[in-house]
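Each chain is listed here by its residues.
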Amino acid sequence: MDHRVSKSIIACTIDHAESAVIRLKTSGSDGYTLCGCKTLPHGLQSIVAGKEKRMLGKLKGYCSEWKEEGLVLCVGTDGLLPLPACFPGDTTPEESQEYCNIEAEYFLSKPEEYGCDIARYASGDATENNKLLLFYPAEPCSRIAKYFSDEHKILFAGTAQLPLVHLSKFTEEPQVILELENSSVLLTIARNGEIEKLSFHQVKTREEAEYFTMNELMENPICRQTSMQVTGTRADKAMLSLIGAETSCPLKPLGIPSSLSISNPQRLSTSAPAVVKAISAAVMALADQSETS
């Protein structure tokens, strides 16, 4: 990891049905300026459909406007395997990765085919050492990171979970996010940059998605006490009205917390979920850089 302070950063998110590239710059003591934002109505589904070369070419073209600048990459996944772990205190990032590799050997049948995001975990006895390891299939994330690495230093490549959890540092109440994708349901409850609860279910049908969604919301009363952010390919009007009617949970789209100050003089739209994830990734990476500098 490069420890020089960078005041600006590029973030690229490749979600299931859309992608985004943004450039974020620090502004004042705790604010940010959005200097660029491009979205593409193609994502992982296009990669699966064999349109990877053209799509990645476009995204790389957007990024090349700021060559030599550090890049954070978030790629959606259809598989997430969470594993609670406890690391010794004062573990360096390199040691954390080593512990992660050891856990993967025990936990996975083909550890070499997985990447891992390491989150802070505040379940039960919350200590600095508690982690939640989020294993995900390394492809296509590692291949895409390699593709961008000839023009940019890759500061982070993984899922959008760590960046979204980082956003909870900017909210007073717990941050509850429900992600409804075509083949998965993911509920994450985070507070203060730490995961308190994460449930991931793979689903084959809409009925299964509805079943696991209702189950999770009934088992976690916090979803009815705080506004829940809902996003994903399956988060359509019918699904949202069903959740609202069955659970009385207050729902809202995925968004940037109002306490996070982002000025964008060009009035760039920041409402698309891929843009929210890209901004959160950039904010997380800039925070990491100022901590290590």
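Residues numbered from 1 in each chain as written. Predicted model: local features only at pLDDT ≥ 70, side-chain atom pairs only at ≥ 80, totals over all residues. Heavy atoms only, no water.

1. Remarks on the state of the cysteines
The full count for this structure, using the stated rule, is zero disulfides. Cys37 takes part in no disulfide bond, and the closest cysteine sulfur, belonging to Cys35, lies 11 Å away. In this model Cys141 remains outside any disulfide bridge; the closest cysteine sulfur is found in Cys74, 8.1 Å from its own. (Disulfide = S-S within 2.5 Å.)

2. Structural notes on the packing of helix α2 (residues 52–63) against helix α4 (residues 141–148)
Interhelical geometry of α2 versus α4 gives an angle of 45° and a closest axis separation of 11 Å. On the basis of their axis angle, the class for α2 and α4 is oblique. Crossing geometry of α2 relative to α4 is assigned as right-handed. Counted together, Glu52, Leu56, Gly57, Leu59, Lys60 and Cys63 of α2 and Arg143, Ile144, Tyr147 and Phe148 of α4 form the full contact between these two elements. (Axes fitted to C-alpha atoms, helices over the stretch in contact; angles between N-to-C directions. Helix = DSSP H or I, 4+ residues; strand = E, 2+ residues; numbered from the N terminus. Parallel < 35°, antiparallel > 145°, perpendicular 65-115°, else oblique. Left-handed = near helix turned anticlockwise from the far one by under 90°. Contact = heavy atoms within 4.5 Å.)

3. Observations concerning unusual backbone geometry
Residue Pro140 is bonded to the preceding Glu139 through a cis peptide linkage, with omega at 5°. Non-glycine residue Glu68 carries a positive phi angle of around 70°. On the secondary structure map, Glu68 appears in the loop between α2 and β4 (71–75). Judged by relative accessible area, Glu68 falls into the exposed class, the value being 72%. (Buried < 20%, exposed > 50% of the residue type's maximum accessible area, 1.4 Å probe, protein only.)

4. Some remarks on the side chain of Thr13
With respect to the secondary-structure elements, Thr13 resides in strand β1 (residues 8–14). Since its relative accessible area comes to 2%, Thr13 is described here as buried. Within the local environment of Thr13, its side chain forms a polar contact with the backbone oxygen of Ala274, the two atoms lying 3.3 Å apart. At 3.1 Å, the side chain of Thr13 forms a polar contact with the backbone nitrogen of Ala278. Setting aside anything within four residues of it in sequence, one finds Thr13 in contact with Glu18, Ser19, Ala20, Cys74, Ala274, Lys277 and Ala278. (Polar contact = N/O pair within 3.5 Å; in protein donor to acceptor, adjacent residues only side chain to side chain.)

5. Some thoughts on the sheet that holds strand β8 (residues 154–158)
Within the open sheet, the six strands sit side by side as β8-β4-β1-β2-β3-β14. Their pairing is mixed. Here the strands that pair on one side only, and so sit at the sheet edges, are β8 and β14 (262–263). Pairing of β1 with β4, which is carried by five bridges, proceeds in the parallel orientation. From the neighbouring strand, Cys12 faces β4, where its bridge partner is Leu73. Here α4 sits on the sheet in contact with β1, β4 and β8, set at roughly 155° to β4. Contacts from helix α9 (residues 273–292) reach β1, β2 (19–27), β3 (31–40), β4, β8 and β14 within the one sheet, and its direction differs from that of β2 by about 40°. (Pairing = 2+ DSSP bridges.)

6. Description of a nonpolar patch on the surface
The grouping of Leu81, Ile102, Tyr106 and Phe107 at the surface amounts to a nonpolar patch, some 420 Å² of accessible area in total. At three residues, helix α3 (residues 93–107) tops the list of elements feeding residues into the nonpolar patch. One can find Tyr106 in helix α3. The exposure class assigned to Tyr106 is exposed, which follows from its relative accessible area of 73%. (Patch = residues over 30% accessible without salt bridge, like charges linked within 9 Å, V, L, I, M, F, W, Y side chains within 5 Å. Areas by Shrake-Rupley, 256 points an atom, 1.4 Å probe, with all protein chains shown as cover. Salt bridge = Lys/Arg side-chain N within 4 Å of Asp/Glu carboxyl O.)

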